[in-house]
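Secondary and tertiary structure notes
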Amino acid sequence: MKGLSEEMCAKLEVFVQYKGKPWEMLNKLKADKTFEGHEEGMACMAEMETLFTYLEALGVLDYVSFDFSLARGLDYYTGVIYEAVLTDTDRVGSISGGGRYDGLIGMFSGKNIPSVGGSVGIERIFNILEEIMIAKGEIRATETEVLVTSMGKNLTAKRMETLALLWKADVKAETLYVDNPRTDKSFNYAFDNGIPLIVILGEDEVA
């Protein structure tokens, strides 16, 4: 495994199992003496303690999970990495991610600049927001306000006349483009597309 010894792999296996509430995981690291004698490890825990203190002060620590198994596929990170996920769905994966990359800007500018940054998955967020709003009825799949349908035969022309009247009145309307639409198909189409009103023409009404 990438030139790692069995001993290294065994230590990594221990690390990746640290996952949970920030203070609980940090206290467990201290109690287990995981980084005892390791200068960088001890410095890392001190920095995490500062981070968790600030997150707690901001009132957002409950939204954070401390996870040693998290990995990002870019090798320019030099410190903490993070990802944001939606907790009420697991369909879209992370919606944001980033971390600390102190040496990256210096590679291009020649000046060492400490940096933290990230990116946001706008398209993923918009897709989820759209689904939520559709479920709440706040947005619809179509702007159509009225579906014109009929019960009986040979009423296609009458449906078209009704459509023309509605359009002239600036009412957004449509019909199913079949001669004799089935009632269940018309209602299902209206429900599926969030069309709030249905005009039903029957032979008696036309007469």
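Above this text is the structure in question.
The rules we used
Residues numbered from 1 in each chain as written. Predicted model: local features only at pLDDT ≥ 70, side-chain atom pairs only at ≥ 80, totals over all residues. Heavy atoms only, no water. Helix = DSSP H or I, 4+ residues; strand = E, 2+ residues; numbered from the N terminus. Buried < 20%, exposed > 50% of the residue type's maximum accessible area, 1.4 Å probe, protein only. Polar contact = N/O pair within 3.5 Å; in protein donor to acceptor, adjacent residues only side chain to side chain. Contact = heavy atoms within 4.5 Å. Pairing = 2+ DSSP bridges. Axes fitted to C-alpha atoms, helices over the stretch in contact; angles between N-to-C directions. Salt bridge = Lys/Arg side-chain N within 4 Å of Asp/Glu carboxyl O.

1. So, the side chain of threonine 144
For threonine 144, the location among the structural elements is in the loop between α5 (122-135) and β6 (146-151). The class of threonine 144 is buried, set by a relative accessible area of 8%. Polar contacts involving the side chain of threonine 144 include one to the side chain of threonine 142, which spans 3.0 Å. A polar atom in the side chain of threonine 144 sits 2.5 Å from the side chain of glutamate 174. Not counting the four nearest positions on each side in its chain, threonine 144 is found in contact with Lys172, Ala173, Glu174, Ile195 and Pro196.

2. Some words on the sheet that holds strand β3 (residues 81-85)
The strand order β3-β4-β5 describes an open sheet built from three strands, whose pairing is antiparallel. Pairing within the sheet leaves two strands with one partner each, and these edge strands are β3 and β5 (116-120). Across this sheet, the average inter-strand angle for adjacent strands is 15°, counted without regard to direction. Two elements, strand β4 (residues 94-100) and β5, share five bridges in a ladder whose sense is antiparallel. What sits directly across from arginine 100, in β5, is valine 116.

3. With respect to the pattern of salt bridges
Evaluated as defined, the whole model comprises seven salt bridges. Ionic pairing is found between lysine 30 and glutamate 49, a salt bridge with its closest N-O pair at 3.1 Å. Of this pair, lysine 30 sits in helix α2 (residues 22-31) while glutamate 49 sits in helix α3 (residues 39-57), placing them 19 residues apart in sequence.

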